Each structure stands twice: as structure tokens, then as C-alpha cells.
Amino acid sequence: MKERDFKIYRGDDERGELVNYKCNVSEGMVVLDVIHRIQADQANDLACRWNCKAGKCGSCSVEINGKPRLACMTRMNELDDNETVVITPLKSFPVMKDIVSDVSWNYEQNQKIKPFSPSKKDTEKDFVMMQKDVDRVQHFRKCIECYLCQNMCHVIRDNEGKDKFAGPRYMTRLASLEMHPMDNADRIEDVKDLHGSGMCNITRCCTEVCPEEIQITDDAIIPLKERVVDRFYDPIMMLFRKLFGKKKETTN
Amino acid sequence: MILTLGEFSMLDISGIKRLQFDVLVIGAGGAGLSAAISASQEEGIRVGLVCKSLLGKAHTVMAEGGMAAALGNVDDRDDWKIHFRDTMRGGKMLNNWKMAEIHARNAPERVRELEHWGAVFDRTRDGLINQRNFGGHRYPRLAHVGDRTGLEMIRTLQDHGIHQGIDIQMECTALDILKDKSGKVSGIVSMYRETGEFIVFETKTLIFATGGAGKSWEVTSNSWEYTGDGYGMAYEAGAELIDMEFNQFHPTGMVWPPSVKGILVTEGVRGEGGILKNSEGKRFMFDYIPEKFANETADTEEEAARWLKGDKSARRPPELLTRDVVARAINTEVKAGRGSVHGGAYLDIATQRSAEDIKRKLPSMYHQFKILAELDITKEAMEVGPTCHYFMGGIKVDAETSMTNIDGLFACGEAAGGMHGANRLGGNSLSDLLVFGNLSGVEAAKYAKKLKSIPKSDDEDIKRIIKSATSILNREKGNNPYLIHEDLQKNMQYNVGIIRTKDEIADGIERIEKMKEEFKEVKAPGTSQFNPGWHEALALRNLLISSEAVAKSALLREESRGAHTREDFPTERKEWLEYNIINKKGTGGEMETVKVKRSEPDNELKRIASSSIEDLEKEVKLDHQK
Ligand SMILES: Cc1cc2nc3c(=O)[nH]c(=O)nc-3n(C[C@H](O)[C@H](O)[C@H](O)COP(=O)(O)OP(=O)(O)OC[C@H]3O[C@@H](n4cnc5c(N)ncnc54)[C@H](O)[C@@H]3O)c2cc1C
Ligand code: SF4
Ligand code: SF4
Ligand code: FES
């Protein structure tokens, strides 16, 4: 057991400050345990989000010493022994209270995505899909919607990108739909225009923070960008479109 | 309208926000989402969905191992009849017969529907939904996605559900039910967690899909949401709670380090071949095979090993006995001084499967132990012990409509009781959520259609509910809600835990009485905005009601059956098979706990449940040939 120092953001979107707390830390404790201890003993009204305490629900996203992380999967013994641990809310979203952010923008992005659309014929019987054909889709579907990648992406962080780009999480979701063997919808035009795939300049910061180790940039975003290029920027396709009009091309 | 300090004495609710629905679902786990989706398919029905967390974060997200359905993709001998028989035997025949039948018959169709909505299950070699072995299931029956099946389920339902025109209210806590003069459901008072603002949902029907109350115990796999709100609110409104003495302790929770004690280790580890050993290195489960299961369980390590390799003539290893049996066995080993270093048992998959297989089939277990316990499960054995996991009991419903004894109040999922009897089989919850979520949505919509208008609520009731919530903030000083909760958890752990006796339960009840008094003076400091202390205090009432119902039912049931183990009545007693225990609010406001005679099962169901496995397999084979 060792007493450690913490600074936790207290306040809302307009005003707030870092408040000092001390807390005893014992073997195996994670940052979320510390938050709960402080909440129970010293600050009953300290707001935080959590559910599973095992890295499965993606509720407890915060910034710990400036790095976006899951509080429940960050062990105290990973952090430097003597440093003060600073816990702040996600920077890219408005603060609701203390270390809780308003992540509703993410739900709005999801709503805009054309849902899974199998053909009627296919749903009349069992789907037959080989494991190797769904491996990649399953890899994307490991996402726990913690929004750490969304928080990290500079396009979203810079705010004006928010109305142009759905962000890495939703690029991943779009990729999982586009690569689903039974899906029949066409989202490539949306990927480009509505969801703004062009805004991403492949810095890979999102991939670095993903707790599920999803290869967001390489496996999801780049293949989507390639599909967009094939469709819209391929010189032969461009010519085709000039000659026959846009409509024909998008329905093929 | 935000109610601030001091405003409540002359409470004026004329400005309060009100929304109208035909079907309002409380809870957005697998059950709630299924219910909302099926209700929304009905023309002209306004559907709302309310949840305490953000959408997609409900408990269901944590489920690991899979959902049980007799698809027969891996072993084509499977059939609803055998699933039904397994479920009844697992529940020690105390299950609601009709519910168990509806569940087993409909689970396959609901799982397929989930696939059609976009769920991507692991595949068999033929490209169908793969199924894995689990405790108490005769055949590989659990459709799964590695060890993150719950995530797949909730995300699929969520992404499908948001396009069905459902009005979703997130981070909103329901406080209490409203009824009209004739006793019909008319609405529910709720509170937005962010602002502390109150809202009245006026509705023809309510579907409670609020989950369980596992937060009543100290060592638990459950999250903060599991405070029995559905039980508490339904009870206060006059609904009956059934089978509350049956609380499932999952045999394998993490035991070390202390801060993660209770976090679940999926039964999938044993389904994939994991074995249990004590400190002497002995595979002890062979010593704990109940007579009833003896002829379906391997009795040597050699036979168990053949089973793992897929030999259909070999019987299942004893690690896959039902959860109540395995949890008690671990408990006994630890008590006898043969526990692991930190007081559990060793669960070893490292010597049974290759590192590659383990990482592919159990990735989140690998990750969880690596980070939280700094242990590599492909090389070392895990330490595990029992953890509170699931409420078999819950709100009593009609099997065919999911409606409670209150007109317009429905319940499904873990919030409802009856389907699982004295012990739930692993994987039967997720399928239960789909089957009864769907059913309750359909039935609630039907009921709502019959009502011309929303029944009228009484403003005085609304005021009373709001006042009792705000008084927690407005009190000058009072008791710390977190500390009362901690006391309650300790009390349930020690007095109403896995092994129970009369004196301890009675002591437990007495302490709950004291805590109820302390609760009357509970105080949350701070304002109404996103104030966890206040939320904790609001949940405390429901935790206390749930715990009291558990303890009183446990005291009354003088036998050991399934998950309910009485040291002073160590065996099943035939006469008790005829009764369920019911809790309801008495006319004087106190809790009444009574034995109620069970109705006679349909003969055909009785025949199926009690046939020998050989006979039933023959019968199924003939059925399948037809
Ligand atoms: C770690 C773990 C692993 C599991 N693995 C499996 C498995 O492999 N297979 C299996 O079959 N089962 C498993 N279970 C059990 C299963 O996951 C649960 O029983 C099931 O998910 C419960 O679902 P539900 O829809 O009834 O409720 P939940 O998913 O718990 O949802 C409850 C909902 O109610 C809401 N709510 C509660 N109170 C209120 C209120 N007052 N106001 C508003 N909203 C409220 C919550 O916000 C939440 O949205 C597991 C459980 C755990 C804990
Ligand atoms: S790779 Fe693209 S999506 Fe990811 S952080 Fe960089 S710009 Fe954002
Ligand atoms: S992709 Fe990874 S970082 Fe982004 S939301 Fe999903 S799990 Fe979180
Ligand atoms: S609490 Fe679920 S991911 Fe941290």
C-alpha cells in the first residue's frame, strides 16, 4: 500500500480546475479503482462512467497523463512511481461533468450509416459464409466503441473536421459492412461524401490508441479509400462517367 | 425544468417535461433492445427505450461464452426437445415449464434472425454458425463469437434498432411506476442523469428489461447498473417477485489481484477443454459428480480427454457439470485447505490447448489476464473462485405474454423470473433475451392497441416520487450511500452467500432492517448534475428490496436445490418441488414472503423432461427422419 497523488478535472465545459487528491494504492489496482475510492471516501459527487471494469464496454475512456486510455485497463504500476497522475476528460468532445464527456456526436455519425442490407433471398435460409471470409469483418467488430480513436484523430480534435468526417470508428464500421459477404448495399459514394474518407491523411494515431488493437488505418481506412479511388478517380472510370453519365456508373 | 434545492415543498410540476408512448421499454440490454425492435414492427405503435448507461454499454455487452440454441450445426442430433430437457434438469425441474418450452423452441429462429441483422458468428467448416460446448448442454450448442458474444449481440441489436423509429433516451434513470385509478400502468417518472432533470413518460405499457441485482454481493461479476431497479420498482407497484432465493454464483471469477476479484472468467474456458485442479495438483471435479449426472459424465481423465478430441462415444468431462455443482466443489476444496495461493482453484487451459488456439478462441480472456493479473494463460493456470453472477428469480410473468400481475406491465430478460428455475445453464440467458424480448414486445404492442388512450396518472404520485428523490439531496446531513451499500454487500456475502444456514440468514435479514432505517436518512452531497452519490442513493432502495426478497425467500426454502444451498437442509426435498416462493408488498407496507403451489405441467413436457437421454435421442432421430 502506498499513498499516491492525483489531479482530477472537476467542473463542466465552461469552467473547471484540476483538484488534488491523495489515495492509497495497493497491488493490482487500476486507475478506475482509484477513481472509485476517491468517489466513495472524498468526493461522492465525482462523475465518471464505467460498466464492465474489464475492457469490454468502452465506457471509461479518459485521458491519463494526457494519453487517451481506458481507466479500467490502466494499471497503477504501469505509471511512474512518483509522478502525480492527472486524469482529465476526452479532449475532442464537450465535457458533461468532471471526467465525463458528451459523446453524442458519435451516435449521430452512426445513425447516418446505411445499415446492413442482405438480399431478401439470402435471408430466407441460413447464411453460408466461410470463416476466412469473415475473419476481417470480425476483427472490425471487436470495436467496443470507446471512442479513444475518435478522440485522438486530429481531424476531429480540430473541431471544424467534425462536420466533414465520421472518424476512424465509423470508417471501421463502414469497412465491416462493405466487407460483409452477405451485404448488398453500396456505401462507396457515402464513404467519400457523407462520411468524408478524404479527410483522413493516414497518420495512424487512431490505430495506436485502439485498446482492441484493430488495424483501423491499414485494414479499414486504406481499403475504403482505395474503393473510393477506384470508383471516382480512376481515369478510365472518369471517362466512362463523362461519356455515360454518373447514374449508370454508380448502379453497376 | 431543473428542480433545485428547496423547491420541493411547494412542488409545482406543471412545467415538467412529458413524453407519450404506446410501448416504453426500460433497459437497453439484449432483452430491452429485442423488445423495442419487435414492438416497433407493429404499425402505429410509438416505442420508447430508456436506459441508465449509454446505448450499447448495458450488461449484455459483457457476455462472453455464447447463446444456446438447438441449431444442430455441429451435432445434428440436437433438437429443441433435448435443449428443453437439459434446461429443466439444469434448473432442477423448478423452471416454469411453459417458458422453458417456448425458449427452447424459439431460440434457433431468433439466433438466425440476429445473423440476418448483421451478427457475424464464428463459422463451422461448412460455413454455418459454429456452436461450442458448455456446462449442462448435451451437445455443442452455443453460437458464439470468440469470447465476446455479448458485444456482437448488443451491437447488432443497437445498429438494427436505431433504424426502427424508436425514441431512445440514454443515461436516464427510471424511478417509479405510475398507475391509473383502476391499477393499470399509466407511466413512469424518470430522471436524466446529466442534468438531474425529471421527466414523466406517459405510456400504455411498460416493458421492464432492467437486468438483475448482482451488486448486492461483494464478489460479483456485475456492474454498477445491476441494482435491481426493475425488481424494486415493480415490487413497489404491486408486482410479484418469484424464485428470488436462486442466485447463481458462477464458479470461475478472478480471485487475484484484489481489485479485480469477481470479474468473470468465461465458462468457455472449460468448454474449450480447461480443467480444474487443487493445490495438490489433483483434478478434483471427478469427486463431485452428482448421481443424477453420473451416467452422462466421464469418470476418468482418459475418457474426458477422448471427449475433448471429439470422440462422440465419450462422455463429457466433469468440469462441464452445471454451475451450482462446480461452484460448490471449488468452495469445498478451498475450505478443506486445498485452495490455490489466493484462495481459489486452478483453471488450466495452457496444458490442454495450443497457445494459438487459446488466443483465437479466448482472446479477451487472454487479454484480461495479461493486463489485469499480469499472467499469460497460454503458459500458466488461472486462479478462479465463485462470483455472484445472475438472478434466476425476478418479476413474475405469464409465460405466454410476459405480462405481470399489473395490467400493462411486462418483464423480460434477467429482470423476469421463472424460466431458469433453480439454476441457469450457461448460454441460456442470451437466448432468453432474444426469445422473451421479442415475445414481450409483440404482446405489449397488442395490449397497447386495445387501449384507446393512455391511462391517466395522478399528479400527486408524480410529486411524491420526485420529492422522495430530491429529499436525498436536500437533507442537511445524513448517511453516506456508498457506505451503506458496502455494508449491504458484506452482509449478503457472509450471511446470504453460496452456502446458507438459518441463523446466518436471519442475522442477514435483521441487518437489512437496520440498513433500511439508515437509508431513510441517506444524504448525497452536491447538486443534481451527474451526481453518482445521488444515483447510488436512488439505487439503494432497490438493492435493499432485492436483498430482502432474496434473504426472506432463502430462509423459507428449507432444502438445497440448484443454486440455493442450505447447510442445515443439505439435500433436495421432494415436497419443495411443488412450490415457488413469491414476495410481494403487503397491505401494511411490509414484505410478504409466501409459498405458492406450482401448476401442473403439460404431460408431454413432463414426459420429455423425464425421459432417459437414450430414449429421447431415439425419438429425436425418428422426428428428424420424418
Ligand atoms: C461477465 C458476464 C458474462 C456473461 N456471459 C454470458 C454468456 O456467455 N451467455 C449467456 O447466456 N449469459 C451470459 N451472462 C449473463 C447475461 O449477460 C445477462 O444475464 C444478460 O445480458 C442480461 O440482459 P438483459 O437484457 O436482461 O439486461 P442488461 O443487459 O443488463 O440490461 C439492463 C438494462 O437496464 C437498464 N436499467 C436498469 N435499471 C434501470 C433504470 N432504473 N432506469 C433505466 N434503465 C435501467 C440498464 O441501463 C441496461 O440498459 C453473462 C453475464 C456477465 C456479467
Ligand atoms: S489515420 Fe486518419 S482517422 Fe486515423 S487518426 Fe490519422 S487522420 Fe484520423
Ligand atoms: S476502433 Fe478501437 S479505439 Fe476506436 S472506438 Fe473502436 S475499440 Fe475504441
Ligand atoms: S469499464 Fe468497460 S471498458 Fe472500462
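Rules used throughout
- Residues numbered from 1 in each chain as written.
- Chains lettered and ligands numbered in written order.
- Predicted model: local features only at pLDDT ≥ 70, side-chain atom pairs only at ≥ 80, totals over all residues.
- Heavy atoms only, no water.
- Helix = DSSP H or I, 4+ residues; strand = E, 2+ residues; numbered from the N terminus.
- Rg over C-alpha atoms; globule rule 2.2 N^0.38 Å.
- Buried < 20%, exposed > 50% of the residue type's maximum accessible area, 1.4 Å probe, protein only.
- Contact = heavy atoms within 4.5 Å.
- Lys, Arg positive; Asp, Glu negative; His and termini not counted.
- Charge placed at Lys NZ, Arg CZ, Asp CG, Glu CD.
- Pairing = 2+ DSSP bridges.
- Salt bridge = Lys/Arg side-chain N within 4 Å of Asp/Glu carboxyl O.
- Polar contact = N/O pair within 3.5 Å; in protein donor to acceptor, adjacent residues only side chain to side chain.
- Nonpolar A, V, L, I, M, F, W, Y, C, P; charged D, E, K, R; others polar.
- Core = buried A, V, L, I, M, F, W, Y, C linked by side-chain atoms within 4.5 Å.
- Near = heavy atom within 4 Å.
- Axes fitted to C-alpha atoms, helices over the stretch in contact; angles between N-to-C directions.
- Arc of directions from axis to C-beta.
- pLDDT = per-residue confidence, 0-100.
- Domains from an automatic or database assignment.
- Buried area = accessible area lost by both parts, 1.4 Å probe.

## Overview of the overall build of chain B
From N to C terminus, chain B includes 17 helices and 21 strands. The C-alpha atoms of chain B give a radius of gyration of 24 Å, which matches the 25 Å a tight globule of 626 residues would have. Projected onto the principal axes, the alpha-carbon positions of chain B cover approximately 75 × 55 × 50 Å. Per-residue burial over chain B gives 66% buried out of 626 residues. Look at the contacts in chain B between residues 6 or more apart in sequence, and 74% of them connect residues 24 or more apart. Side chains of chain B give 85 positive and 95 negative charges; the mean places of these two sets differ by 2 Å.

## With respect to the pairing of strand 8 (residues 185-192) of chain B
Residues and elements named next belong to chain B. Among the 8 residues that make up strand 8, 8 are buried, leaving the element largely enclosed by the rest of the structure. Two strands pair when backbone bridges link them, and strand 7 (residues 172-179) and strand 8 are joined in this way by 7 bridges, in the antiparallel orientation. For Thr173, the partnering residue across the bridge sits in strand 8 and is Met191. Connecting the antiparallel pair strand 7 and strand 8 is a turn made up of 5 residues, with Gly183 showing a positive phi of about 95°. Taken together, the 5 bridges between strand 8 and strand 9 (residues 198-208) define a ladder with antiparallel strand orientation. Directly across from Met191, in strand 9, lies its bridge partner Phe198. Following strand 8, the chain reverses through 5 residues before pairing antiparallel with strand 9; Gly196 in that reversal takes a positive phi of roughly 80°.

## Points about the interface of chain B and chain A
Each partner contributes residues to the interface: chain B has 62 residues there, and chain A has 60 residues. Our count for the chain B to chain A interface comes out at 8 salt bridges. Glu374 of chain B serves as the salt-bridge partner of Arg75 of chain A, at 3.5 Å between the closest nitrogen and oxygen. Where chain B meets chain A, there are 40 residue pairs in polar contact (both at pLDDT 80 or more). Counting residues per element, the ones that place at least two in the side of chain B that touches chain A are helix 3 (97-116), helix 4 (149-161), helix 10 (363-372), helix 13 (481-495) and helix 15 (532-556) of chain B. Its residues assigned to classes, the side of chain B that touches chain A comprises 27 nonpolar, 17 polar and 18 charged.

## Re the sheet that holds strand 4 (residues 131-132) of chain B
All names here are of chain B. Spatially, 3-5-4 is the arrangement adopted by the 3 strands of the open sheet, whose pairing is antiparallel. On the outer flanks of this sheet lie strand 3 (67-68) and strand 4, each paired with one strand and no other. Taken together, the 2 bridges between strand 3 and strand 5 (residues 142-143) define a ladder with antiparallel strand orientation. Each bridged residue has a counterpart across the sheet, and for Ala68 the counterpart in strand 5 is Leu142.

## With respect to the nonpolar core
All names here are of chain B. Counting residues in each nonpolar core, the largest one holds 230 residues, and the members touching the most others are Val23, Ile188, Phe208 and Met382. Per-element accounting of this core gives the leading share, 11 residues, to helix 15. Setting aside anything within four residues of it in sequence, one finds Val23 in contact with Ala39, Ile45, Arg46, Val47, Gly48, Thr203, Thr205, Ile207, Ala444, Ala445 and Ala448.

## Some remarks on the site of ligand 2
All names here are of chain A. In the region of ligand 2, 13 residues are neighbours, and Cys153, Cys200, Thr203, Arg204 and Cys206 sit closest. Those elements that provide at least two residues to the shell around ligand 2 are helix 8 (205-209) and helix 9 (216-233). Taken together, the residues that form the shell around ligand 2 break down as 8 nonpolar, 4 polar and 1 charged.

## Let's talk about the environment of His144 of chain B
All names here are of chain B. Tracing the backbone through its elements, the reader meets His144 in the loop between strand 5 and helix 4. With relative accessibility at 1%, the residue His144 sits in the buried group. When residues no more than four places from it in sequence are discounted, the contact partners of His144 are Gly65, Gly66, Phe121, Asp122, Asn130, Gln131, Arg132, Thr149 and Lys361. A distance of 2.8 Å separates a polar atom in the side chain of His144 from the backbone oxygen of Leu142.

## Details of the sheet that holds strand 5 (residues 85-88) of chain A
Residues and elements named next belong to chain A. Spatial ordering of the open sheet is given by 2-1-5-3-4, a layout of 5 strands whose pairing is mixed. What marks the edges here is a single partner per strand, and that holds for strand 2 (16-25) and strand 4 (67-70). Ignoring strand direction, the axes of neighbouring strands in this sheet form an average angle of 35°. In this sheet, strand 5 lies alongside strand 3 (residues 61-64) in antiparallel orientation, the contact comprising 2 bridges. Residue pairing for strand 5: Ile64 is matched across the bridge by Ile87. Sheet contacts for helix 1 (residues 31-41): strand 1 (2-11), strand 2, strand 3 and strand 5; angle to strand 2, the most-contacted strand, approximately 100°.

## Topic: the pattern of salt bridges
All names here are of chain B. Considering all chains together, one arrives at 89 salt bridges over all chains under this definition. A salt bridge links Glu42 to Lys449, with the nearest nitrogen and oxygen atoms 3.0 Å apart. Of this pair, Glu42 sits in the loop between helix 1 (30-40) and strand 2 (47-50) while Lys449 sits in helix 11 (residues 428-450), placing them 407 residues apart in sequence. Here Arg148 and Glu152 are joined by a salt bridge, their closest N and O atoms 2.9 Å apart. Of the two residues examined, Arg148 and Glu152, each falls in the buried class.

## A look at helix 16 (residues 603-610) of chain B
All names here are of chain B. Residues of helix 16 that are buried include every one of Leu605, Ile608 and Ala609, and no others. One side of helix 16 carries all its buried residues, which in axial view fall inside an arc of 95°. What points out from helix 16, more than 90 degrees from its buried face, is the exposed set Asn603 and Ser610. Buried residues along helix 16 sit against helix 2 (80-90), helix 3 and helix 17 (613-625). Two or three places before Glu604, at the opening of helix 16, Asp602 has a side-chain oxygen 3.0 Å from that residue's backbone nitrogen.

## Considering the side chain of Ser40 of chain B
Residue and element names in this part refer to chain B. As for its placement among the helices and strands, Ser40 is situated in helix 1. A distance of 3.1 Å separates the side chain of Ser40 from the side chain of Gln41, its partner in a polar contact. Contact partners of Ser40, with chain neighbours within four places excluded, come to Val47, Gln164 and Ile166.

## Some points on the environment of Met1 of chain A
Residue and element names in this part refer to chain A. Among the structural elements, Met1 can be located in the segment before strand 1. For Met1, a relative accessible area of 77% translates into the label exposed. Distance in space between the C-alpha atoms of Met1 and Glu17 is 28 Å, their sequence separation being 16 residues. Once residues within four sequence positions are removed from consideration, Met1 is found in contact with Asn24, Val25 and Ser26.

## Re the confidence of the model for chain B
Residues and elements named next belong to chain B. Summing up the model confidence of chain B, the mean pLDDT is 95 and the portion of residues at 70 or higher is 98%. Segment residues 1-9 is flagged for pLDDT under 50; beyond a separation of four residues in sequence, or across chains, it makes 20 contacts in the model. Model confidence for the complex: the whole-complex pTM is 0.94, and ipTM, which rates the interface, is 0.93.

## Concerning the domain arrangement of chain A
All names here are of chain A. With domains assigned, chain A is organised as domain 1 (2-101) and domain 2 (104-244). Computed from C-alpha coordinates alone, the two centres of domain 1 and domain 2 are separated by 31 Å. Each side of the interface is counted separately: domain 1 has 14 residues, and domain 2 has 16 residues. Interface area for domain 1 against domain 2, summed over the two sides, is near 1,100 Å², with a carbon-plus-sulfur share of 59%. The largest share of the area that domain 1 buries against domain 2 comes from Pro68, Ser92 and Phe93, three residues that together contribute 52% of it. Arg157 is paired through a salt bridge with Glu63; the nearest N and O atoms lie 3.0 Å apart. Joining domain 1 to domain 2, the criterion identifies 6 residue pairs in polar contact (both at pLDDT 80 or more). Listed by contribution, the elements that provide at least two residues to the side of domain 1 that touches domain 2 are strand 3 and strand 4. Looking at the side of domain 1 that touches domain 2 residue by residue, the classes come out as 6 nonpolar, 4 polar and 4 charged.

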